[in-house]
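Descriptive structure summary
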Amino acid sequence: MAPGKAPILTPRVDDFPRWYQDVLNKAELADNGPVRGTMVIRPYAYALWERMVAEVDARIKAAGAENAYFPLFIPESYFQREAEHVEGFSPELAVVTVGGGKELEEPVVVRPTSETVIGEYMAKWVQSYRDLPLLLNQWANVVRWELRPRVFLRTSEFLWQEGHTAHATEEDARDYAEHILRTVYRDFMVEVLAIPVLVGAKIAQERFAGATNTLTCEAMMGDGKALQMGTSHELGQNFARAFDVTFLDEHGEQRTCWTTSWGVSTRMMGGLIMAHGDDDGLRVPPRLAATQVVVLVVRDDDGSVTDAAQRLVDDLAHGGVRARLDARVETGFGRRATEWELKGVPLRVELGPRDLAEGQAVVARRDDGTKSPVSVGDLVGRLPGLLDDVQRSLLAEATSRRDGATVLVDSVAAAAEAAAEGFAVVPWRLLDDAAIDELGRSAVTVRCLQTPDGDLPGDTPADELIAVCARSY
RNA sequence: CGGGCUGUGGCGCAGUUUGGUUAGCGCGCUUGACUGGGGGUCAAGAGGUCGGGAGUUCGAAUCUCCCCAGCCCGACCA
């Protein structure tokens, strides 16, 4: 940005939430919906979401689950069947009481999550141990009425994927919940989103309503606060009992299933923005980017530059690069460059008459802002490698920022202080209920429990675990 | 639910205290010219039930009353 010019976005250090809002607007990502707490996802953001869906969906399928679709409307009575589930969700339910102009005999809940309906059908479909495991997933919208909405992070309606599985044994269910967390969620977040995430278990107070164990992927945002990016739950036999999901085992014994559920949502869009965004806007990691390279025609007097740029885009596309042409020469160069930076396109190729005469183009990296000339003939060969560099550098930057803002402490007071700026890691045995209350007074919560080497707790004794504490979204 | 604040072109705001001709400004938008390697310059335009209703007044964005919406803080929360 030219010195002396007013910044396009509120600088992050001045007001991070304001910056976030500015990015949503200026990068044309989303608008608020007409009903409080709802959002409109604009095309550029939706294209990113579609990329997330494609990547996550492929991993879910690789984990053996199949897609299905269950209804948006759920009989209210279903929610009554699992005590903790009702208690947890009733404050945020949207309930339909009128249909077709008539008062409904039984009110209908707009799904906040689908354990209950899916449980009902699992009970029908699972009869024998041969039907297990039953591995289902659905892509859907859900509604949870929110009092403090924030676009992408907490909205009353959001898009997500919810997996629901039934297993013959507790061990099998536990393994699968862990498998999803590691090979679907963590892998996607680290490898595609370039966001380093901590895997861990939620403490009892933070568990999903009705779960026996909740596993989580926690990321650190640019302001040091934590964001829960995805969760995978062991539901024990709570829902299986409530919905009578049972089977005959190989010995002819009637047994109750063990179920899991797991989800990631459009909240990841918020995570993407806040983990990688800088004062110039969004920075999209290349593996996620719907547009990896924008070829920008700087100026064109006779059409020759645009022709060359179009050929380049075609060649890149043939080489498997998601490239896009910007030949809007009637719009100033600076404006267009700024626009693509706001949108975080990883690489920008600038092509003008001057370049064309010299047989080169200028390649600008969004991650570090550097520009370098590359001969036109080399572009198709070199850009894929550059995209890999950008991908790596975004992950490296996010990782070192997180590690730099993570402090090991050995007292509750020190944890509260450290968590004001980032993550505080404290021995779990130091945190009794009173300590958790004390942290809460500084808006600090236990984000997850881990083994000392940063893995899921598994069977590790509780007094050997560490607690990651932070403020959170 | 309690306390505080705000509603004025698409967005952000001034004007309200002390009522007074035609309601301004920045950004954005449209058209044109010159431009063009970082939101370029100049010119000409479009766009308004001043949140809604009632009242006071010769006259209301401005004063009074009622209502609505949103924001912040508290309380409550996967």
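Residues numbered from 1 in each chain as written. Chains lettered and ligands numbered in written order. Predicted model: local features only at pLDDT ≥ 70, side-chain atom pairs only at ≥ 80, totals over all residues. Heavy atoms only, no water.

Within chain A one finds 14 helices and 23 strands. Overall, the C-alpha framework of chain A stretches about 80 × 55 × 50 Å when taken along its three principal axes. Per element, the accessible surface of chain A, about 20700 Å² overall, is 49% carbon and sulfur. Once the 50 positive and 73 negative side-chain charges of chain A are each reduced to a mean point, those two points are 5 Å apart. (Helix = DSSP H or I, 4+ residues; strand = E, 2+ residues; numbered from the N terminus. Areas by Shrake-Rupley, 256 points an atom, 1.4 Å probe, with all protein chains shown as cover. Lys, Arg positive; Asp, Glu negative; His and termini not counted. Charge placed at Lys NZ, Arg CZ, Asp CG, Glu CD.)

According to the domain assignment, chain A consists of domain 1 (16-276), domain 2 (293-386) and domain 3 (406-470). Measuring from the centre of the C-alpha atoms in domain 1 to the corresponding centre in domain 3 gives 25 Å. Counting residues at the interface gives 22 residues for domain 1 and 21 residues for domain 3. Buried surface at the junction of domain 1 and domain 3, both sides included, amounts to about 1500 Å², of which 61% is carbon and sulfur. Counting across the interface, domain 1 meets domain 3 through three salt bridges. Between Arg182 and Asp455 there is a salt bridge whose closest N-O contact spans 2.8 Å. Counting across the domain 1 and domain 3 interface gives five residue pairs in polar contact (both at pLDDT 80 or more). Elements with a contribution of two residues or more to the side of domain 1 that touches domain 3: α6 (170-191), β9 (197-201), β10 (213-220) and β11 (226-234). Here the side of domain 1 that touches domain 3 takes five residues from β10, the largest share from any one element. Classifying every residue of the side of domain 1 that touches domain 3 by side-chain character gives nine nonpolar, five polar and eight charged. (Domains from an automatic or database assignment. Contact = heavy atoms within 4.5 Å. Buried area = accessible area lost by both parts, 1.4 Å probe. Salt bridge = Lys/Arg side-chain N within 4 Å of Asp/Glu carboxyl O. Polar contact = N/O pair within 3.5 Å; in protein donor to acceptor, adjacent residues only side chain to side chain. Nonpolar A, V, L, I, M, F, W, Y, C, P; charged D, E, K, R; others polar.)

Side-chain positions along a regular strand alternate between the two faces of the sheet. Counting buried residues along strand β21 (residues 423-427), five of its five residues qualify, which places the element largely inside the surrounding structure. Side chains Phe423, Val425 and Pro427 of β21 all project onto a buried face; the interleaved residues Ala424 and Val426 project onto the opposite face, where all are buried too. As defined by bridge partners, β21 adjoins strand β23 (residues 466-470) across four bridges and the pair is classed as antiparallel. Counterpart to Pro427 in the pairing with β23 is Ile466. (Buried < 20%, exposed > 50% of the residue type's maximum accessible area, 1.4 Å probe, protein only. Pairing = 2+ DSSP bridges.)

Here the focus is the protein's contact with RNA strand B. In the vicinity of RNA strand B there are 32 residues, among which Ile8, Arg144, Val329, Glu341 and Asp355 approach most closely. Within 4 Å of the protein, the contacting atoms of RNA strand B are 35% sugar and phosphate, with bases supplying the remainder. Glu206 has a polar backbone atom sitting 3.1 Å from a sugar or linking oxygen of RNA strand B. Gln228 places a polar side-chain atom, nitrogen or oxygen, 3.3 Å from a base nitrogen of RNA strand B. Breaking the surface near RNA strand B down by element, the ones donating at least two residues are α4 (83-89), β11, α10 (333-343), β17 (347-351) and α11 (353-358). Broken down by element, the residue count for the surface near RNA strand B peaks at six residues, all from α10. Of the residues in the surface near RNA strand B, the class split is seven nonpolar, seven polar and 18 charged. (Near = heavy atom within 4 Å.)

Moving on: the packing of aromatic side chains. In this description, a pair of aromatic rings is defined by centroid distance and the angle of the planes. Per the stated rule, a full pass over the model turns up nine aromatic pairs. Considering the side-chain rings of Tyr176 and Trp262, the 6.2 Å spacing of their centres and the 55° angle between planes classify their relative orientation as tilted. With a gap of 86 residues between them, Tyr176 in helix α6 and Trp262 in strand β14 (residues 258-265) connect regions that are remote in the sequence. Classification of Tyr176 as buried rests on a relative accessible area of 9%. Among the aromatic side chains, those forming a connected cluster through ring pairs are Phe70, Tyr121 and Trp125. In this arrangement the basic side chain of Lys225 is found over the ring face of Tyr473, its NZ or CZ atom lying 4.4 Å from the centre. Here Lys343 stacks its cationic end above the ring of Tyr44, 5.3 Å away from the centre of that ring. (Phe/Tyr/Trp six-rings, centres within 6.5 Å; stacked < 30°, edge-to-face > 60°. Lys NZ or Arg CZ within 6 Å of the ring centre and 35° of its normal.)

This paragraph deals with the environment of Gln360. Residue placement: Gln360 occurs in strand β18 (residues 360-365). Between the C-alpha atom of Gln360 and that of Cys217, which follows or precedes it by 143 residues, the distance is 44 Å. Those residues within four positions of Gln360 in sequence are excluded, and the remaining contacts are Leu351, Asp355, Pro373, Val374, Ser375 and Val376.

It is worth spelling out the environment of Glu341 at this point. Along the chain, Glu341 falls in helix α10. The spacing of Glu341 and Ala364 is 23 residues in sequence and 10.0 Å in space, taken between C-alpha atoms. In contact with Glu341, other than residues within four places in its own chain, are Asp280, Gly281, Leu282, Arg348 and Arg366.

With that out of the way, let us pick up the sheet that holds strand β4 (residues 73-75). Taken in spatial order, the three strands of this open sheet run β4-β6-β5, and their pairing is antiparallel. Edge positions in the sheet fall to β4 and β5 (94-99), since each has one partner strand and no second. When strand polarity is set aside, the average angle formed by the axes of neighbouring strands in this sheet is 50°. Both β4 and strand β6 (residues 102-110) contribute to a ladder of three bridges, which runs antiparallel. Among the inter-strand pairings, Ile74 is bridged to a residue of β6, identified as Val109. (Axes fitted to C-alpha atoms, helices over the stretch in contact; angles between N-to-C directions.)

The interhelical angle for the contact between helix α1 (residues 16-26) and helix α8 (residues 267-276), taken along N-to-C directions, is 115°, at an axis separation of 11 Å. For the element pair α1 / α8, the angle class is roughly perpendicular. Where α1 crosses over α8, the two elements pack in a sense that is right-handed. Contacts from Phe16, Trp19, Tyr20, Val23 and Leu24 of α1 reach α8 at Gly270, Ile273 and Met274. Partitioned by chemical class, the residues of the contact of α1 with α8 number seven nonpolar, one polar and no charged. (Parallel < 35°, antiparallel > 145°, perpendicular 65-115°, else oblique. Left-handed = near helix turned anticlockwise from the far one by under 90°.)

Let's shift gears to the state of the cysteines. Counted under the stated rule, the structure contains zero disulfides. Between Cys217, a cysteine without a disulfide, and Cys448, which holds the nearest cysteine sulfur, the sulfur-to-sulfur distance is 9.2 Å. In this model Cys469 remains outside any disulfide bridge; the closest cysteine sulfur is found in Cys448, 9.2 Å from its own. (Disulfide = S-S within 2.5 Å.)

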